[in-house]
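The chain contents come next:
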Amino acid sequence: AARPRLPAVGHWSTPMVAPIKPCPRCGRANPPQQPFCAECAAPLREVAPVGLARAPQTQFTLPDYLIAARKRDAESRRWDETGEGTGSGLVWLGGILAVGAVVFSSGGEFGSGALILGLLLVVAGYWRMRRDRHAMARAGLATTAFGALALGAVALQLLDLDAPLGERARPTRAVPTPTPDPAETAPVANAEINAAPAVAMLGGGPDHSGRNPGPGPRQRPVVRWRAYVGGELYSSPVVVGGTVFIGTKDGFLAAYDAASGAERWRFDLGGYIVRGTPAVADGVVYLAAGYGLFAIDAATGEARWRAPIRYAGFASPTVADGLVVVAAQEGHVYAVEAGSGREVWKADTAGLLFASPAVAGGEVVIGDDTGKVHAFALDSGTPRWTTTLEGEIYGAAAMTPGGVYLSTTAPVLVALDPASGEERWRRGVGGDAGPAVVDGALFLGDRSNGLHALDAASGAPRWLMPTGAPVRASPVVADGVVYLTSGTTVYAVDAVDGEPRWSFPTGGPITGSPAVVGGVLFVGSHDGFLYALAEEGGTPVATAPG
């Protein structure tokens, strides 16, 4: 009998087989028309043919490596759908937050919160990639290295190694250790410091003329004491009643004994970097930091009041006639009552304010970064006059009855009429700092690495002393000697002929002005120390440990 033809099938169809008669005796498959089994001759007439049947699927089978790849893809899709397995973005975000908090934070609540959040994000990123090595591989070496760097930076910060990233941990302080026999000189020095006139605010007084009571060291000084305050010091010290007050990078107002360097108290200003200089009047210290103007008891360090202002930035407060005048960086000038903090008036300027307001003759004078000089009435804030100069103004004006003196970055040094703001004379010198004007002489340090002396009435040059580095702060004058900072060095220069008397290096750059009172020069440095420099033979040298 002819073999039955199977139906045609496509590539992906299942093949079919023809009907058969299975032999009940031997099991051989016979054609349906066969009457006897071809194997054992058993009769098949009573055996019913078996119908069409499906053959097993053997036509197409995937290789093992493709089956494994399909399983991996399905697993990856499952992780993506459930939100797991992606963590590289969290590692990067957390690393940036953690490193930024370590390097740039001033150590307040905001910095601590950013550090903790960054670490949690880094850990969460690695946790989400823990079960998917393919996601870890896609994240790459850069992500792994960056996460390790973030964790390492935090470890260095916590361990407080010799060269930490960012800010040092706040140190514990102890009373300075004197030399073996301080009894002979210490009481005299203490009495001298306590009875000395005050350097109560930036520039020595509200007019920012730069006059300090002195006397200062006449010959090269030694370190009477130094105290580690914490981080770079941008603020200039002030000295009142035997206490030195200074603002710190980690957001504190600190008070130190002027004779010994022992810390008396410190007040938390909210963690903002303090760049301005305190002002002291009637037993109260005023200082702007962040978004507040603070009044603190000078004896106890307790808060009296806090007045809200816009961001303080670089400005120092000035106290005159019962009012505290302070500038906010965004272009606002505030006058508040010294006793209560109640706002009396507020004035706006066209530009940003980095300079501190100077007050004299019932007027407040301040320059902005557009080169405009503004004068307001002290009692009401009413605008008096405005003058436009070239360049930006970063330093405070120096005011005398005979003129208002300002320096710009053009560079330009000008003398203005106090009543009208009209220009009297100008010279082609200037920089970031304001001038000092004492006894008819004007002293200005500039970006050209020099200290200039000019006649205040005419602007005629008198002398020039090179300093070797730019001068970033206003000089002060005491007893015929000009004291200034340049680079890492403190200089004393004869005010008449410009001859250097001495110089003293510190461990870092200096961007603040010194305070000279009671035979001692006080200055803060970016090395984190507050220095008290005096002639050898005064009080014993001592260091307030950091």
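Preceding block: the structure.
Residues numbered from 1 in each chain as written. Predicted model: local features only at pLDDT ≥ 70, side-chain atom pairs only at ≥ 80, totals over all residues. Heavy atoms only, no water.

Visitor: Mind showing me how you'd approach the state of the cysteines here?
Guide: Here a disulfide denotes one covalent bond, and it connects the sulfur atoms of two cysteines. Following the criterion strictly, the structure yields zero disulfides and no others. We note that C40 lacks a disulfide partner, and the nearest cysteine sulfur, in C23, lies 3.5 Å from it. (Disulfide = S-S within 2.5 Å.)

Visitor: Before we go on, may I ask you to explain the sheet that holds strand β13 (residues 303-308) in this structure?
Guide: Sheet strands pair via backbone hydrogen bonds, and the direction of the pair is either parallel or antiparallel. Taken together, the four strands give an open sheet; going across it, the order is β10-β11-β12-β13, and neighbouring strands pair in antiparallel fashion. Each end of this open sheet is capped by a strand with a single partner; those strands are β10 (279-281) and β13. Across the sheet, the mean angle from the axis of one strand to that of its neighbour is 20°, orientation sign disregarded. Looking at chain direction, β10 and strand β11 (residues 284-289) are connected through three bridges and run antiparallel. The residue of β11 that forms the bridge with A279 is Y286. (Pairing = 2+ DSSP bridges. Helix = DSSP H or I, 4+ residues; strand = E, 2+ residues; numbered from the N terminus. Axes fitted to C-alpha atoms, helices over the stretch in contact; angles between N-to-C directions.)

Visitor: Mind showing me how you'd approach empty space enclosed by the protein here?
Guide: Unoccupied space between atoms shows up once a probe the size of one water molecule is rolled over them. With the rule as written, the count across this model stands at one cavity of 30 Å³ or more. Looking at the largest cavity, the residues that line it are V199, M201, L202, G203, G204, N212, S236, P237, T277, V476, S513 and P514. Split by residue class, the lining of the largest cavity holds six nonpolar, six polar and no charged. (1 Å grid on protein atoms, 1.4 Å probe; cavity = no way out; pocket = protein on both sides within 12 Å on 5 of 7 lines; lining within 4 Å. Points joined across faces, edges and corners; volume = space filled by probe spheres on them. Nonpolar A, V, L, I, M, F, W, Y, C, P; charged D, E, K, R; others polar.)

Visitor: Please clarify how the sheet that holds strand β25 (residues 423-427) should be interpreted in this entry.
Guide: The antiparallel open sheet is built from four strands, whose spatial order is β22-β23-β24-β25. Whereas interior strands pair on both sides, the edge strands pair on one side only; in this sheet they are β22 (398-400) and β25. Along the sheet, successive strands turn relative to each other by an average axial angle of 15°, direction set aside. In terms of strand pairing, strand β24 (residues 412-416) meets β25 through four bridges, oriented antiparallel. Within the sheet, the bridge partner assigned to A415 lies in β25 and is W425.

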